Amino acid sequence: MLKAWVHGMIKKTDVVIVGAGPAGIGVALALEKLPGIKYVILESHQVGESFRRWPTQTRLITPSFHSNPFGLADLNAVSESSSPAIFAGAEHLSGQQYANYLAFIAHQHGLPVVSACRVHQVTPINHEGFVLDSERGSLQARFLVWATGEYQFPELSPFPGAQWCTHYAQVQNWQRFEAPDYTVIGGYESGVDAAVNLIKLGRSVRLLTRKCTWDPLGPYDPSLSLSPYSRERMYAAVDTGRLDILFGADIVQVETRKAGGYRIHAADGRYWDDAQVPILGTGFRKGGGAQQIAELWQWTVSGHIALTENDESTLVPGLFLAGPQVRHDDRIYCFIYKFRQRFSVIAQNIGQRLGLDTGALQTGSGAWGPFGNEDCCEGCQC
Ligand SMILES: Cc1cc2nc3c(=O)[nH]c(=O)nc-3n(C[C@H](O)[C@H](O)[C@H](O)COP(=O)(O)OP(=O)(O)OC[C@H]3O[C@@H](n4cnc5c(N)ncnc54)[C@H](O)[C@@H]3O)c2cc1C
């Protein structure tokens, strides 16, 4: 079926998944449990592309551990039986290692991934699904799962003058930052990761942050405060005496100076000069890759995507969102171990509407137990 479409013969399928990161691959594995389903995964580059683009020194902050046999799936796994810890022999995988793990899973399961196939337009058709225009031609699908992530969609203009800065997502290797000192803007995961890696390389860093994201009194959700892994690394960086953290720094502008270098302005009137290009750890576009089809979602006032309880667009039936942008009330699914809980919800819904047997999606509480156990997220004290 896959070869046939690539060669231009088949133009209709049940489901198209756009994006072959952990979300797209994970939804595909859930769809595989529906006998008779026809689907493809369209990927603009290759499986795990975003992870391949991480700076060399970046590691997954959630630990991997082969706890699967005791009913606690490896936090970073996208399939019931796999474990990135076993695959890479590492607890905190690099981006390359995790991308290779995803590619391995896709290959092992024979998933129908079409690489180098960017989807550039999506047109809903009345009650008939969608027409997708891609680099390899057009395809019609009854259902569409949008799994395009955030990493390739950095927020490059958080304030005037940001064009003078280097965004975290534009960095390939911190070793190329050879000056003795740098300023990093942003005190959450990517800003702290940038600072920690520069300190490890012997540089001095001024970290400008609005607030402390590592308050020992909480909140304890890693979607809202710094993960234990990053806290640990940051405290070690502070101990070197080369990390200077300035709080309450709401940066509003960066300008170039006649004398050379940059001046970084905060809302409260403070400013800092730096000879080096400031580094932005200020995050990604709201909605990330979902902005590519912005008109097909309903956006909340806070810039998030409104979804039905099945992660379907509230505007366009048949369009599902998978990945870190999924939110339901105060539940933020922005880690793999969180958003993987939604894979079978999407597959179940699609399977039922296609009239397929969805029995294999009812996993019960086996080795994969915690995956689908979303009740645990509500008011969880653990
Ligand atoms: C520095 C850093 C560290 C992180 N550490 C962790 C961690 O430890 N644990 C954790 O759980 N999460 C972590 N995250 C978050 C995690 O990386 C993301 O949540 C995850 O990558 C999202 O997966 P995804 O499949 O939705 O997106 P992606 O991995 O970005 O995959 C999306 C795919 O869609 C493709 N694509 C985009 N647009 C199109 C298009 N138009 N047509 C076709 N293909 C398209 C892209 O090429 C890409 O391959 C981290 C993020 C960062 C930035």
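For the structure itself, consult the block above.
Residues numbered from 1 in each chain as written. Predicted model: local features only at pLDDT ≥ 70, side-chain atom pairs only at ≥ 80, totals over all residues. Heavy atoms only, no water.

Chemist: Run through the sheet that holds strand β11 (residues 251-256), naming residues and quoting values.
Modeler: Sheet architecture is open: three strands sit in the order β11-β12-β13, paired in antiparallel fashion. Looking at which strands have only one partner, the edges of the open sheet turn out to be β11 and β13 (271-274). Mean inter-strand twist for the sheet, computed between neighbouring axes without regard to direction, equals 20°. Of the pairings in the sheet, the one linking strand β12 (residues 262-266) to β13 comprises four bridges and is antiparallel in character. The residue bridging R263 from the neighbouring strand is D273, located in β13. (Pairing = 2+ DSSP bridges. Helix = DSSP H or I, 4+ residues; strand = E, 2+ residues; numbered from the N terminus. Axes fitted to C-alpha atoms, helices over the stretch in contact; angles between N-to-C directions.)

Chemist: Summarise helix α5 (residues 95-108); cite the residues concerned and give the values.
Modeler: When the terminal C-alpha atoms of α5 are compared, their 20 Å separation across 14 residues agrees well with the 20 Å that a helix rising 1.5 Å per residue should span. Listed in full, the buried residues belonging to α5 are G95, Y98, A99, Y101, L102, I105 and A106. One face of α5 carries all of its buried residues, which in axial projection span an arc of 155°. Away from its buried face by more than 90 degrees, α5 exposes H107 and Q108. Structurally, α5 contributes buried residues whose contacts are with α2 (22-31), α3 (49-52), α4 (84-88), β3 (113-114) and α8 (336-339). Positioned one or two residues after α5, G110 has a phi angle of 60°, which is positive. (Expected span 1.5 Å × (residues − 1). Buried < 20%, exposed > 50% of the residue type's maximum accessible area, 1.4 Å probe, protein only. Arc of directions from axis to C-beta. Contact = heavy atoms within 4.5 Å.)

Chemist: Can you break down the nonpolar core residue by residue, with the values?
Modeler: Counting 91 residues, the largest nonpolar core has I25 and W146 as its most contacted members. Top contributing element to this core by residue count: α2, with seven residues. A domain-level breakdown of this core finds at least three residues from each of domain 1 (2-152 + 285-377) and domain 2 (162-280). Judged by nonpolar contacts, the second largest core, of 13 residues, contains I185, L208, A249 and I264. (Core = buried A, V, L, I, M, F, W, Y, C linked by side-chain atoms within 4.5 Å. Domains from an automatic or database assignment.)

Chemist: Break down the site of the ligand for me, citing the residues and quoting the values.
Modeler: The full set close to the ligand counts 36 residues, and E43, S50, I61, T62 and I336 are the nearest of them. One nitrogen or oxygen atom from the side chain of T62 is found 2.7 Å from a nitrogen atom belonging to the ligand. Between the ligand and V119 there is a distance of 2.9 Å, counted from a nitrogen atom to a backbone nitrogen or oxygen. Protein burial of the ligand: of its 990 Å² of free accessible surface, 93% is covered by the chains. Considering every element that reaches the shell around the ligand, the biggest residue donor is α3, with three residues. Among the residues making up the shell around the ligand, the classes are represented as 20 nonpolar, 13 polar and three charged. (Near = heavy atom within 4 Å. Polar contact = N/O pair within 3.5 Å; in protein donor to acceptor, adjacent residues only side chain to side chain. Areas by Shrake-Rupley, 256 points an atom, 1.4 Å probe, with all protein chains shown as cover. Nonpolar A, V, L, I, M, F, W, Y, C, P; charged D, E, K, R; others polar.)

Taken by themselves, the reported measurements are silent on function.
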